[in-house]
Amino acid sequence: MFSGILTATAIVGAVGLFIGLFLGIAGIKFKVDVDEREEAVLAVLPGNNCGGCGFAGCSGLAAAIARGDAPVNGCPVGGEAVGKKVAAIMGVEAQEGIRMVAFVACQGTCDKAAFDYEYTGIEDCRMLSFVPNGGAKTCDYGCLGFGSCVKACPFDAIHVVDGVARVDKEACKACGKCVAVCPKHLISLIPYDVKYMVACSSKDKGPVTMKACTAGCIGCTLCKKNCPADAVSIESFNAAIDPEKCIGCGACASKCPKKVIVEH
Amino acid sequence: MLAQVKDLLLLIIGSALVSNVVLSQFLGLCPFLGVSKKVETAAGMGTAVIFVITLASGVAGVIYKFILTPLNIQYLQTIVFILVIAALVQFVEMFLKKYMKSLYEALGVYLPLITTNCAVLGVALTNVQKEYGVFTGMVNGFATALGFTISIIILAGIREKMAYNDIPESFKGMPIVLLTAGLMAIAFCGFSGLL
């Protein structure tokens, strides 16, 4: 009885062993010369293949850096630390990169935002384009809160809190996946050091916005008038702060009647 | 002698056209649909498949005849054939990476997919089922792969032309390709009375 089992194991094992040897020899004979710098760079990169650099995984970025097609600090996840190591391998100076994080420009939580109807169905922000008015929220521009961004984030840096997505500044690696996935284009990458941001993307007129959400920007221009650095601009009844000009004084935030400008 | 040649010719036409692996047996659809965007890539894929299937059916036939049958362990054919096919595809990949880098890049992920391509295993198992010898089995494999190459090149040609056509929105992409493949399958039914 056992001889059958033994024969079977022996044969399959022998075939496997032979194939292993054959492939091993072939691997040596057909070795392609890879740039050793590329291998060294690949070893230093974080290795989670998030694609935030714009290349196909870490090996894609390593190949591009070795070719000279990508900057040495091209990995947003590894940031400065990895950038310095890669620069050392490639023998160049690394430029100082600004740490970026994602920011969701909406604070229309369940208690602040108005809803047109109650929605039960597929919980995916992108699918809601099939639903009347693009979603249950009255505001056409608001965060739908079903977490397509949460699913897209490889670093667990964004979560839906109280019906609105919120980014964890410390965990965010600015890979850009949430930015790409949000169907309302609410998320943008801003420098980590920015002090104040406008947490509303509504382009509706003041009265319309007020009906839709108690935390919406009505375009009253109080922030713009009170800014000492002229960093605020108003476009389509929505305020925007220019991070380059902003000095972080917080005058806009204190003057805002709707409390739309939040501390970052 | 002449009778054997005639038999082989009939086998070739039968495997390549009459029971075409993609359009009649519906095996190997993944690379068929995936690598047929351009004629050159399709031709490259076809060549790789011919190489792999011919060799695989040869080696599989040898192993079946000289190792599995004498020891009466024919039931191991599936796993042993799969091992052999996987090894061959790895070998082809290494070979292409070194000597034909452009083709390697063009085929991309579809090259390792030849391993899971049921057409390869299908040919090996058909050879066993129809009790072909080693040489006949290899000819069968070559002809099957030839049929695959013919159909993938035809589809690539059609897809290249279709790229300039005005296709309705809901048919763009896979739907129109699948419809085309279906129509090709119907057309190839015309060969059915040939043998």
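Note: the structure precedes this text.
Residues numbered from 1 in each chain as written. Chains lettered and ligands numbered in written order. Predicted model: local features only at pLDDT ≥ 70, side-chain atom pairs only at ≥ 80, totals over all residues. Heavy atoms only, no water.

Chemist: Can you walk me through the overall build of chain B in this structure?
Modeler: Helix and strand counts for chain B come out as 9 helices and 0 strands. Secondary structure elements of chain B occur, N-terminal to C-terminal, as α-α-α-α-α-α-α-α-α. In chain B, which comprises 195 residues, the share counted as buried stands at 43%. (Helix = DSSP H or I, 4+ residues; strand = E, 2+ residues; numbered from the N terminus. Buried < 20%, exposed > 50% of the residue type's maximum accessible area, 1.4 Å probe, protein only.)

Chemist: Help me understand the overall build of chain A, please; the structure alone is not making it clear to me.
Modeler: When you go through chain A residue by residue, the secondary structure sums to 9 helices and 8 strands. Buried residues in chain A amount to 40% of all 264 residues. Taking the contacts inside chain A whose residues are at least 6 apart along the sequence as the reference set, 58% of them involve residues at least 24 apart. A total accessible area of about 14500 Å² is found for chain A, and carbon and sulfur atoms account for 59% of it. (Contact = heavy atoms within 4.5 Å. Areas by Shrake-Rupley, 256 points an atom, 1.4 Å probe, with all protein chains shown as cover.)

Chemist: What is the right way to read the packing of aromatic side chains from this model?
Modeler: Centre distance and the angle of the planes are the two values used to describe a pair of aromatic rings. Throughout the structure, instances matching the rule amount to 4 aromatic pairs over all chains. An angle of 55 degrees between the planes, with centres 5.2 Å apart, marks the rings of Phe 95 of chain B and Tyr 99 of chain B as tilted. With Phe 95 of chain B and Tyr 99 of chain B both in helix H4 (residues 77-99) and 4 residues apart, this pair spans about one turn of that helix. When its relative accessible area of 33% is taken as the criterion, Phe 95 of chain B is described as partly exposed. Here the guanidinium or amino end of Lys 169 of chain A rests over the ring plane of Tyr 192 of chain A, the centre of that ring lying 4.5 Å away. (Phe/Tyr/Trp six-rings, centres within 6.5 Å; stacked < 30°, edge-to-face > 60°. Lys NZ or Arg CZ within 6 Å of the ring centre and 35° of its normal.)

Chemist: Looking at this structure, I do not really get unusual backbone geometry. What am I missing?
Modeler: The phi angle of most residues is negative, glycine excepted, and most peptide bonds adopt the trans form. Its identity as a non-glycine residue notwithstanding, Asp 230 of chain A has a phi of 55 degrees, on the positive side. Tracing the sequence through the fold places Asp 230 of chain A in the loop between helix H8 (222-226) and strand E6 (232-235). Of note, the phi angle at Phe 26 of chain B is positive, near 55 degrees, even though the residue is not glycine. Topologically, Phe 26 of chain B is positioned in the loop between helix H1 (2-18) and helix H2 (29-34).

Chemist: What am I meant to see in the pattern of salt bridges here?
Modeler: One pass over the structure, following the stated rule, counts 2 salt bridges over all chains. Between Asp 124 of chain A and Arg 126 of chain A there is a salt bridge, and its shortest N-O distance comes to 3.7 Å. Across the salt bridge formed by Lys 172 of chain B and Glu 169 of chain B, the nearest N and O atoms sit 3.4 Å from each other. Accessibility expressed as a relative area gives 45% for Lys 172 of chain B, which makes it partly exposed. Residue Glu 169 of chain B is classed as exposed on the basis of its relative accessible area, which comes to 62%. (Salt bridge = Lys/Arg side-chain N within 4 Å of Asp/Glu carboxyl O.)

Chemist: Before we go on, may I ask you to explain the interface of chain A and chain B in this structure?
Modeler: In many reports, interface size means the accessible area that the parts give up when they come together. Of the residues lining the interface, 15 residues belong to chain A; the matching set on chain B comes to 18 residues. Roughly 1400 Å² is buried in total at the junction of chain A and chain B, and carbon and sulfur atoms are behind 89% of that figure. Counting every contact that joins chain A to chain B gives 0 salt bridges. Taken together, the links from chain A to chain B amount to 0 residue pairs in polar contact (both at pLDDT 80 or more). Along the lines of polarity and charge, the residues of the side of chain A that touches chain B split into 10 nonpolar, 3 polar and 2 charged. (Buried area = accessible area lost by both parts, 1.4 Å probe. Polar contact = N/O pair within 3.5 Å; in protein donor to acceptor, adjacent residues only side chain to side chain. Nonpolar A, V, L, I, M, F, W, Y, C, P; charged D, E, K, R; others polar.)

Chemist: Help me out: how do you make sense of the environment of Thr 115 of chain B in this one?
Modeler: All names here are of chain B. Relative to the helices and strands, Thr 115 is located in helix H6 (residues 113-116). In sequence terms Thr 115 and Ala 87 are 28 residues apart; their C-alpha atoms lie 8.6 Å from each other. In this view, Thr 115 contacts Ile 85, Ala 86 and Val 89; residues no more than four positions away in its chain are not counted.

Chemist: Even after reading the chapter, I still don't get the nonpolar core, so can you show me in this structure?
Modeler: Ranked by internal contacts, the top residues of the largest apolar core, which has 61 residues, are Phe 32, Leu 111 and Ile 114 of chain B. If you list the elements that add at least two residues to this core, you get helix H1 (2-29) of chain A together with H2, helix H3 (39-68), H4, helix H5 (101-107), helix H7 (118-129), helix H8 (134-162) and helix H9 (174-188) of chain B. The greatest single-element share of this core, amounting to 11 residues, is contributed by H3 of chain B. Every residue in contact with Ile 114 of chain B, bar those within four places of it in the chain, is listed here: Met 45, Ala 48, Val 49, Val 52, Val 89 and Val 120 of chain B. (Core = buried A, V, L, I, M, F, W, Y, C linked by side-chain atoms within 4.5 Å.)

Chemist: How should the packing of helix H2 (residues 36-44) of chain A against helix H4 (residues 79-90) of chain A be read in this particular structure?
Modeler: Residue and element names in this part refer to chain A. At a closest axis distance of 10 Å, the pairing of H2 and H4 adopts a crossing angle of 165 degrees. Taken together, H2 and H4 sit at an angle that is classed as roughly antiparallel. The crossing of H2 and H4 is right-handed. Listed contacts from H4 to Arg 37, Ala 40, Val 41 and Val 44 of H2 are Val 82, Lys 85, Val 86, Ile 89 and Met 90. Across the contact of H2 with H4, the residue classes break down as 7 nonpolar, no polar and 2 charged. (Axes fitted to C-alpha atoms, helices over the stretch in contact; angles between N-to-C directions. Parallel < 35°, antiparallel > 145°, perpendicular 65-115°, else oblique. Left-handed = near helix turned anticlockwise from the far one by under 90°.)

Chemist: Is there a simple way to think about H4 of chain B in this case?
Modeler: Each α-helix winds once per 3.6 residues, and so residues spaced three or four apart point in a common direction. Helix length check: H4 of chain B, at 23 residues, gives a terminal C-alpha distance of 32 Å against a target of 33 Å (1.5 Å per residue), a fit within 8%. Listed in full, the buried residues belonging to H4 of chain B are Gln 77, Val 80, Phe 81, Val 84, Ile 85, Ala 87, Leu 88, Val 89, Phe 91, Val 92, Glu 93 and Leu 96 of chain B. Where the residues of H4 of chain B are buried, they touch H1 of chain A together with H3, H5, H6 and H7 of chain B. (Expected span 1.5 Å × (residues − 1).)

Chemist: When you look at the pairing of strand E1 (residues 100-104) of chain A in this model, what are you seeing that I'm missing?
Modeler: Every regular strand shows the same layout, with side chains that alternate between the two sheet faces. Residues and elements named next belong to chain A. Along E1, 4 of the 5 residues are buried, which leaves the element largely enclosed by surrounding structure. Both E1 and strand E4 (residues 187-191) contribute to a ladder of 5 bridges, which runs antiparallel. Along E4, the bridge assignment pairs Val 101 with Ile 190. (Pairing = 2+ DSSP bridges.)

Structural measurements only, silent on function.
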